[in-house]
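Letter by letter, the chains look like this.
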Amino acid sequence: MEEVIAKKRILSAIQPTNTPTLGNYLGALLNWIKLQDEYDCAYSIADLHSITVRQDPQKLRKQITESYALLLAMGVDPKKSIAFVQGHNPAHAELSWVLSCYTQFGELSRMTQFKDKSEKHPENINAGLFTYPVLMSADILLYQADLVPVGVDQKQHIELARNIAQRFNSVYGDTFTMPEPYITKTTAKIMSLQDPTKKMSKSDENPNACISILDDRDTIVRKFKRAVTDSEAEVCYREGKDGINNLMSIYSAVTDKSFEEIEKEFSGKGYGDFKLAVGEATADMLAPMQAEFQKIINDKKYIGDCMREGAEKAYKASRKTLQKVYKKVGFVELPR
Ligand code: AQP
């Protein structure tokens, strides 16, 4: 008899805080698409996470639908993978509560994203911002994920998910799969175009700092033209050339050219030529996905059907884990 080997499970999510940036796309989303054949993938729009920062309800609703449509436009196949909105599966919030009782205050205080975001929003340092990594651990552990494709900024949160899983497993016996981060080296961290020492972020207040993946061609080219570089005029990857290094990483990811090839291509040319090439190549790469998005976003029925199917599949895939956890900690199952 032929042996059937179960595919490994992948889980990843993106917050609908704004339109995804080129950083989200190259650092995480592109991998989501590539991994669908080899793995059993679950991809979600992390609406629960997004309210750690105050959101305008009307805008958030629009962003959730758009982000979901973008996943479909990018090539997430709702038949092959589980494509769902996190808040449509109540098990995330339920497991998160249990896991928060197995997470130490000290562990959460060390999370750099909490420190960064509290500095950015001093008027709203809420408990959700602090416990965000517990909810992220629940997202991952609920689906028994083996791999989590993320940018390098999320590595610390995956470490925490592993610590929580290990702690729970050692008390109650094997319950959770130990997840591993899946990080692509060159695009692990795309930097801001205006301050290349900071990561490109979709909630950056300066629109010139990031490329939104729905920006039109002219906007993309203009933003790259304005990108901060240095006073030399040499396109090469070297320490201290943060702006150029970032543009080279982007160009390399978009065109598949090595740094060596890029240095050769622009040897003797100025930064103007290089920036134009990066802008045009990026716009070319995004164009087919943008066209697909325009088709999907107007088909509300299709989006609704996919969301419903995704929610059902997500619930089914996670229910067993939650039941197991409730049983292990000593909760009583409702008699049928
Ligand atoms: N600059 C980046 N370079 C590479 N990867 C990145 N990611 C984010 N920024 C970069 C990866 O994108 C995925 C989705 O991120 P998220 O929406 O969950 O939240 P985030 O990491 O907080 O992303 P942003 O863009 O900075 O959002 P805001 O501004 O809302 O906080 C993750 O896998 C992340 O690693």
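One structure accompanies this document, and this report is about it. (Residues numbered from 1 in each chain as written. Predicted model: local features only at pLDDT ≥ 70, side-chain atom pairs only at ≥ 80, totals over all residues. Heavy atoms only, no water.)

What to know about the packing of helix H4 (residues 91–100) against helix H7 (residues 127–142)
At a minimum axis separation of 8 Å, H4 and H7 run at an interaxial angle of 115 degrees. Considering the relative orientation of H4 and H7, their crossing is right-handed. Of H7, the residues touching H4 (which contributes Ala91, His92, Leu95, Ser96, Leu99 and Ser100) are Val134, Leu135, Ser137, Ala138, Asp139, Leu141 and Leu142. Taken together, the residues that form the contact of H4 with H7 break down as eight nonpolar, four polar and one charged. (Axes fitted to C-alpha atoms, helices over the stretch in contact; angles between N-to-C directions. Helix = DSSP H or I, 4+ residues; strand = E, 2+ residues; numbered from the N terminus. Left-handed = near helix turned anticlockwise from the far one by under 90°. Contact = heavy atoms within 4.5 Å. Nonpolar A, V, L, I, M, F, W, Y, C, P; charged D, E, K, R; others polar.)

Some remarks on the site of the ligand
Taken together, 22 residues form the shell around the ligand, and within it Lys117, Ile190, Ser201, Lys202 and Ser203 come nearest. Backbone polar atom of Gly23 to a nitrogen atom of the ligand: 3.3 Å apart, as the coordinates give it. At 2.7 Å from an oxygen atom of the ligand is found a side-chain nitrogen or oxygen belonging to Asp153. Among the elements of the structure, strand E1 (9–14) and helix H1 (22–34) are those that each provide at least two residues to the shell around the ligand. In terms of residue count, the dominant contributor to the shell around the ligand is H1 (four residues). Partitioning the shell around the ligand into residue classes produces seven nonpolar, 10 polar and five charged. (Near = heavy atom within 4 Å. Polar contact = N/O pair within 3.5 Å; in protein donor to acceptor, adjacent residues only side chain to side chain.)

Structural notes on the side chain of Lys275
Within the secondary structure layout, Lys275 lies in helix H12 (residues 271–297). At 9.3 Å, Asp230 is the nearest oppositely charged side chain to Lys275, a buried residue that forms no salt bridge. (Buried < 20%, exposed > 50% of the residue type's maximum accessible area, 1.4 Å probe, protein only. Lys, Arg positive; Asp, Glu negative; His and termini not counted. Salt bridge = Lys/Arg side-chain N within 4 Å of Asp/Glu carboxyl O.)

Considerations on the pairing of strand E3 (residues 82–85)
Burial of the side chains of E3 extends over both faces: Ile82 and Phe84 are buried on one face and Ala83 and Val85 on the other. Judged from the four bridges that link them, strand E2 (residues 40–45) and E3 form a sheet pairing that is parallel. Each bridged residue has a counterpart across the sheet, and for Tyr43 the counterpart in E3 is Ala83. (Pairing = 2+ DSSP bridges.)

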